[in-house]
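Chain by chain, the residues:
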2 protein chains.
Amino acid sequence: MAIKERKEREKQDMRNLIIESATQLFLKHGYDKTSIRNIAEDIEYSPATIYLYFKDKDEIFYVIHENAFDLLVKLFREHDTISNPYERLGAIGRTYINFAFENPDYYDLMFIMRAPLSQIKHEERWNAGECAFGYVLDTLTQCLDQNLIRPADKYITAVSVWSFVHGLVSLYIRERMCILEMPDDVVRDIVNASFENFLQSLKT
Amino acid sequence: MAIKERKEREKQDMRNLIIESATQLFLKHGYDKTSIRNIAEDIEYSPATIYLYFKDKDEIFYVIHENAFDLLVKLFREHDTISNPYERLGAIGRTYINFAFENPDYYDLMFIMRAPLSQIKHEERWNAGECAFGYVLDTLTQCLDQNLIRPADKYITAVSVWSFVHGLVSLYIRERMCILEMPDDVVRDIVNASFENFLQSLKT
DNA sequence: TACATTTGCTAAACACTGTTTAGTATATTC
DNA sequence: GAATATACTAAACAGTGTTTAGCAAATGTA
């Protein structure tokens, strides 16, 4: 009975079609203007059809959020070849900040928005987040083991590093860096310099 | 012609009534459930009346956002008596984190949400934000002048301190600290410990 | 006081939003 | 070929922010 398999395939194709359209609209026009009706019109189906493939709007954005994490972790993994964990930590941080600057909407969805949260709670674990955080935690553990950074609790250090870079880029993305009253490129330079400065301060 | 003055007074009273109702609804049920219609019903006027006193919903939340800043700055000012700027910096940081924990909705509106931004752009300056940031900047400048913290650019240090605490509390408020898979009070302890650790690392 | 004007307010509508329901064609199975 | 299951949609529901047109009462002028 190959029909069942074909139907399963078609179901996945339809889900992909919806996600592709939603992602495109999201990156082009932002979250608010990516309505179910807009997606429906884009893929030339009725709005009700989308609810046959996704429970609600949040589930669609949970999938987009997961795809964005795949992209970030892929970028992280490119630093696997850096053997010195302290050097690797720096590279990861720079990649993280760069990712946020180049994909502000993705970053927003991953680390700021409440949209994918209902799904995360439903699954009881934030798999995508754990994967990325785990990568930093591993690198940090190696730094501590090799005495490359000042000794401190592993989790406190990890939370500190993550909070620092998240603070920098989220204040930038949600337009609070405007208090500096400096041009955009100068603000970015300050963000980058702040990270380098912080990284130095971690050193033994 | 005292009528004109009375009318002006009545106009302000109505604005206050709307803000009070909106604030109460916002703190009780959150931003999304604070609709113009809900506010209108609460104050027993029609929804259209609200638009005679405020340009749009964003303007209402801009005023609430300003009031929240007044509250935070007032808390900051309580540390004016601490003569040692490094000690004062620590006290400000603890107050900031505490404020975020105790008033997450206010914090969200002040530093995360996009809602009051259109108004901020309209005024071309983020007065409320500048006031709070300026207070930190002053304290930090004194720390640098008195050689109490490691020498670095004033703005880079200010952005670093602010980003660090904002990162901590915004990850907590927007529920990303769930990756730690620890109870809420433990997470708060980690946040507090991370700040104390960071504060230490600033020392000369 | 009598009329004209301004002010304060609202009912209703407009253009959206996410989501659900009931019903209709088409595809599949027996 | 008839019965069943699947895929899809039109329309509605309940909500959102915001605008428009009109009405009644307060105010200004004669």
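Structure shown above.
Basis of the calculations
Per chain, residues are indexed from 1 in the order of the written sequence. Each chain gets a letter, beginning with A, and each ligand a number, beginning with 1, in the order they are written. Only residues with pLDDT of at least 70 get local features here, since the model is predicted, and only at 80 or more are side-chain atom pairs given and counted; chain-wide, interface and lining totals rely on the full set of residues. Values shown for side chains rest on all heavy atoms present in the structure; no hydrogens or waters enter the calculation. Strands are runs of DSSP state E lasting at least two residues, helices are runs of H or I lasting at least four, and both sets are numbered from the N terminus onward. Three exposure classes are used, based on accessible area relative to the maximum for each residue type with a 1.4 Å probe and protein chains only: buried under 20%, partly exposed in between, and exposed over 50%. To measure how exposed things are, a 1.4 Å probe is used in the Shrake-Rupley method; for residues, cover is taken only from the protein chains shown. Charge counting follows a simple rule: Lys and Arg are positive, Asp and Glu are negative, and His as well as the terminal groups are ignored. Charged groups are reduced to one reference atom each: NZ for lysine, CZ for arginine, CG for aspartic acid, CD for glutamic acid. Summary of the distance rule: residues count as near a molecule or strand when at least one heavy atom falls within 4 Å of that molecule or strand. Whenever two N or O atoms come within 3.5 Å, that pair is a polar contact, provided that in protein one can donate a hydrogen and the other can accept it, and provided that, for residues adjacent in sequence, both atoms are side-chain atoms. Throughout this entry, Asp, Glu, Lys and Arg are counted as charged residues, while Ala, Val, Leu, Ile, Met, Phe, Trp, Tyr, Cys and Pro are counted as nonpolar. The remaining residues, Gly among them, count as polar. What sets the superposition is a least-squares fit of C-alpha atoms, and only residues with pLDDT of at least 70 in both copies go into it. Residue contacts are counted whenever heavy atoms from the two residues lie within 4.5 Å of one another. A helix's residues, less one, multiplied by 1.5 Å, set its expected span. Buried area, as used here, totals the accessible surface that two parts lose on assembly, with accessibility defined by a 1.4 Å probe and the loss added over both. When a carboxyl oxygen of Asp or Glu lies within 4 Å of a side-chain nitrogen of Lys or Arg, that pair is called a salt bridge. Directions pointing from the helix axis toward each C-beta atom define the arc.

Chemist: I'm lost on the overall build of chain A in this one. Help?
Modeler: Along its length, chain A carries 10 helices and zero strands. Element order for chain A, N to C, with α for helix and β for strand: α-α-α-α-α-α-α-α-α-α. The burial tally for chain A puts 51% of its 204 residues in the buried class. Accessible area of chain A: about 10,200 Å², with a carbon and sulfur share of 49%. Computing the positive centroid from 24 side-chain charges and the negative centroid from 32, chain A places the two 4 Å apart.

Chemist: In this structure, what is going on with the protein's contact with DNA strand C? I would like to understand it.
Modeler: In the vicinity of DNA strand C there are 21 residues, among which A:R6, A:R37, A:Y51, B:T49 and B:Y53 approach most closely. By atom count, sugar and phosphate contribute 57% of the portion of DNA strand C lying within 4 Å of the protein. A:S35 places a polar side-chain atom, nitrogen or oxygen, 2.9 Å from a phosphate oxygen of DNA strand C. A distance of 2.6 Å is found between a base nitrogen of DNA strand C and a side-chain nitrogen or oxygen belonging to A:R37. Of all the secondary structure elements, the ones that give two or more residues to the surface near DNA strand C are α1 (2-29) and α2 (36-43) of chain A together with α3 (47-50) of chain B. Here the surface near DNA strand C is composed, by residue class, of nine nonpolar, five polar and seven charged.

Chemist: Would you mind showing me how to read the relation of the copies chain A and chain B here?
Modeler: A rotation about an axis combined with a shift along that same axis relates the two copies of the chain. For the pair chain A and chain B, the best superposition has an RMSD of 0.0 Å and corresponds to a rotation of 180 degrees with a translation of 0.0 Å parallel to the axis. Put plainly, the chains are arranged around a two-fold axis. Minimal C-alpha distance to the rotation axis in chain A is attained by A:G167, lying at 1.8 Å.

Chemist: Would you mind showing me how to read the environment of B:F99 here?
Modeler: Residue and element names in this part refer to chain B. With respect to the secondary-structure elements, F99 resides in helix α5 (residues 85-102). Distance in space between the C-alpha atoms of F99 and D138 is 20 Å, their sequence separation being 39 residues. Apart from the residues within four sequence positions on either side, F99 is in contact with A68, L71, L72, L75, Y106, Y107 and M110.

Chemist: How should the protein's contact with DNA strand D be read in this particular structure?
Modeler: Surveying the vicinity of DNA strand D reveals 21 residues, the closest of which are A:T49, A:Y53, B:R6, B:R37 and B:Y51. Here DNA strand D approaches the protein such that, of its atoms within 4 Å, sugar and phosphate make up 58%. For DNA strand D, a phosphate oxygen lies 2.9 Å from a polar atom in the backbone of B:K57. Looking at the surface near DNA strand D residue by residue, the class counts come to nine nonpolar, five polar and seven charged.

Chemist: Explanation requested: the side chain of A:S170 in the structure shown.
Modeler: Secondary-structure assignment places A:S170 in helix α9 (residues 154-173). With a relative accessible area of 3%, A:S170 lands in the buried category. Within the structure, the side chain of A:S170 is placed 3.2 Å from the side chain of B:H166, a separation counted as a polar contact. The contacts of A:S170, once residues within four sequence positions are left out, are A:I112, B:H166 and B:S170.

Chemist: Which parts of the structure should I look at to understand helix α1 (residues 2-29) of chain B?
Modeler: Since the α-helix advances by 3.6 residues per turn, residues separated by three or four positions end up pointing in the same direction. All names here are of chain B. When the terminal C-alpha atoms of α1 are compared, their 40 Å separation across 28 residues agrees well with the 40 Å that a helix rising 1.5 Å per residue should span. Residues of α1 that are buried include every one of M14, I18, I19, S21, A22, T23, L25 and F26, and no others. Check the buried side of α1 and you find it contacts α2 (36-43), α3, α4 (57-77) and α6 (104-112). One or two residues past the end of α1 sits G30, with phi positive at roughly 90 degrees.

Chemist: When you look at unusual backbone geometry in this model, what are you seeing that I'm missing?
Modeler: Comment: phi is negative for the bulk of residues other than glycine, and the bulk of peptide bonds are trans. Backbone geometry places A:E124, a non-glycine residue, at a positive phi of 65 degrees. The backbone phi angle of B:E181 is positive, close to 50 degrees, even though this residue is not glycine.

Chemist: Mind showing me how you'd approach the interface of chain A and chain B here?
Modeler: When the parts come together, some accessible area is lost, and that loss is often what is quoted as the size of the interface. Facing 44 residues of chain A, the contacting portion of chain B comprises 44 residues. For the pair chain A and chain B, the two sides together bury roughly 3,900 Å², of which 64% comes from carbon and sulfur. Applying the counting criterion to the chain A and chain B interface returns eight salt bridges. With its nearest N and O atoms 2.8 Å apart, the salt bridge here joins B:E175 to A:K121. Between chain A and chain B we count 16 residue pairs in polar contact (both at pLDDT 80 or more) in total. When residues in the side of chain A that touches chain B are grouped by element, the largest group, 13 residues, is from α9(A). Partitioning the side of chain A that touches chain B into residue classes produces 25 nonpolar, nine polar and 10 charged.

Chemist: I keep staring at α2(B) and nothing clicks. Help me out?
Modeler: Residues and elements named next belong to chain B. Turning to α2, its buried residues are I36, I39, A40 and I43. The buried side chains of α2 occupy one side of the element, clustering within an arc of 100 degrees when seen end-on. When the buried face of α2 is taken as reference, the exposed residues oriented beyond 90 degrees from it are R37 and E41. The inward-facing, buried residues of α2 contact α1, α3 and α4. Two residues or fewer past α2, E44 is found with a positive phi of approximately 60 degrees.

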